[in-house]
Amino acid sequence: MSNPSSSAFSHATPQISREWLEALAPFSRPKTRRALIQLANTAIPFGVVWYLMYRSLEVSYALTLALAIPAAFLLIRLFIFQHDCGHGSFLPSRRWNNIIGSLIGVIMLTPYFYWRRTHAVHHATSGNLDRRELGDIDTLTVNEYKALPWYRRLGYRFYRNAAVMLLLGPLWTFIIKHRFPFDIPMSWRKEWVSIWLTNAAIAGILVWAWFTIGIGNLLMVQIPINMISGAIGIWLFYVQHQFEDTYWERQGEWSFERAGLEGSSFLDLPKVLHWLTGNIGYHHIHHLSSRIPNYRLRECLDSIPELRQRPVSIAESFKYARLKLWDEDSAQLVGFDALRRT
């Protein structure tokens, strides 16, 4: 797999056909009223549940952990708003997108401008075997894996283990790595300012807690929320691109439209989970046009028959955990068991 290079930091905007541009354009206009309603019906319940968790510390920590589950889902929904802000699709105002995205980034422990830029690289290179650089789950081809020394194979197996991804992944990604993401160049000044300001805001909250509710109480409430929401977020991101007939191609054959339609899943969730996850299950539409706000993705799906590709159920998505390597010969994502057959 290629290492991050200067190409990762100066990606070109992908090209999309005029037909798709015309079809998607009506849904690509943010609406202030709908965005503000979403903020209200998510941030307020999140604050209420957070307060109940804090008060439940006096009763039972088991109750606190139980309340962390709805709080984590509400935080995921807030993160989708930050995600839309990063694409400039949540509100019509660029300034307010950046302000709201930065504020949510503090709660999500995710520096807004850093995440926005690395995520843009993901959109510009998703499914490109020659551009596996930033913002993705590392995926090796079968031949690349075979060429590794034994200790690097072991490291890759550890990294791709589902338990490691869901238990250690949130701790590493959101709590540790996002504080000091040295995988980006120091020349990214705006992104580094965002990182340090986010860290300063988190430090300020810790100082506030020290003099008020206590740092221990703060961490007993917030850490479970971030760990659960982080695990949910990582799993959603995994199943959105890691499935048998996903899309990977070399640079010369890579297509932005095919990467969106074939390399991004349509995760069909119950309505309440679509609401809690900010409609991110309609991921194929989002990759075709990141300018469509989360609150217009369903509307877009219902209006364009070509987008109604085969949906993936929750139960089916769990099967994707066994997929680890891209087989260029069969053009499929396969498990390690496939190595015994080659």
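First, a word on scope: everything that follows refers to the structure included in this document. (Residues numbered from 1 in each chain as written. Predicted model: local features only at pLDDT ≥ 70, side-chain atom pairs only at ≥ 80, totals over all residues. Heavy atoms only, no water.)

### Focus on the overall build of the chain
Tallying secondary structure elements over the chain gives 15 helices and three strands in all. Each principal axis of the C-alpha atoms in the chain carries an extent, and together these give about 60 × 50 × 45 Å. Of all 342 residues assigned to the chain, the portion counted as buried reaches 50%. Counting only contacts in the chain whose residues sit at least 6 apart along the sequence, the fraction spanning at least 24 positions is 70%. Positive and negative charge centroids in the chain, built from 35 and 26 side chains respectively, lie 8 Å apart. (Helix = DSSP H or I, 4+ residues; strand = E, 2+ residues; numbered from the N terminus. Buried < 20%, exposed > 50% of the residue type's maximum accessible area, 1.4 Å probe, protein only. Contact = heavy atoms within 4.5 Å. Lys, Arg positive; Asp, Glu negative; His and termini not counted. Charge placed at Lys NZ, Arg CZ, Asp CG, Glu CD.)

### Details of unusual backbone geometry
One non-glycine residue, L109, lies in positive phi territory at about 60°. Relative to the helices and strands, L109 is located in the loop between α4 (94-108) and α5 (112-125). Although it is not a glycine, A331 adopts a positive phi angle of roughly 55°. Mapping A331 onto the fold places it in the loop between β2 (325-327) and β3 (332-334). With a relative accessible area of 42%, A331 lands in the partly exposed category.

### Digging into the packing of aromatic side chains
Going through the model one piece at a time under the given rule, you end up with 17 aromatic pairs. Plain terms: the ring middles of W235 and Y238 are 5.5 Å apart, the flat faces sit at 15° to each other, and that makes the pair stacked. Within this pair, W235 and its partner Y238 are both found in helix α10 (residues 215-241), separated by three residues, close to a single helical turn. Its relative accessible area of 16% is what places W235 among the buried residues. Each ring, one from W235 and one from F318, has its centre 6.0 Å from the other, and the planes form 35°; the classification is tilted. Taken together, the residues span a long stretch of sequence, with W235 in helix α10 and F318 in helix α15 (residues 314-318) at a distance of 83 residues. Under the relative-accessibility criterion, F318 is labelled exposed at 51%. Taken together, the ring pairs connect F180, F182, W192 and W196 into an aromatic cluster. Seen from the ring of W96, R95 lies directly overhead, with NZ or CZ sitting 5.6 Å from the centre. (Phe/Tyr/Trp six-rings, centres within 6.5 Å; stacked < 30°, edge-to-face > 60°. Lys NZ or Arg CZ within 6 Å of the ring centre and 35° of its normal.)

### Observations concerning the side chain of T198
With respect to the helices and strands, T198 occurs in helix α9 (residues 189-211). The exposure class of T198 is buried, given its relative accessible area of 5%. Beyond its immediate chain neighbours, meaning those up to four positions away, T198 contacts G105, V106, P111, Y112 and R179.

### Side note on the nonpolar core
Grouped together as the largest cluster of nonpolar side chains are 52 residues, with contacts concentrated most on F46, W50, M53, F90, I225, Y238 and Y320. Elements with a contribution of two residues or more to this core: α2 (32-56), α3 (61-86), α4, α5, α8 (162-176) and α10. Here this core takes ten residues from α3, the largest share from any one element. L24, I285, L297 and L301 belong to the second largest nonpolar core, which has 13 residues in total. (Core = buried A, V, L, I, M, F, W, Y, C linked by side-chain atoms within 4.5 Å.)

### Considerations on the sheet that holds strand β1 (residues 140-141)
Taken in spatial order, the three strands line up as β1-β2-β3 in an open sheet, and their pairing is mixed. Edge strands, defined here as strands with exactly one partner in the open sheet, are β1 and β3. As defined by bridge partners, β1 adjoins β2 across two bridges and the pair is classed as parallel. Looking at the pairing, L140 lines up with L325 of β2. (Pairing = 2+ DSSP bridges.)

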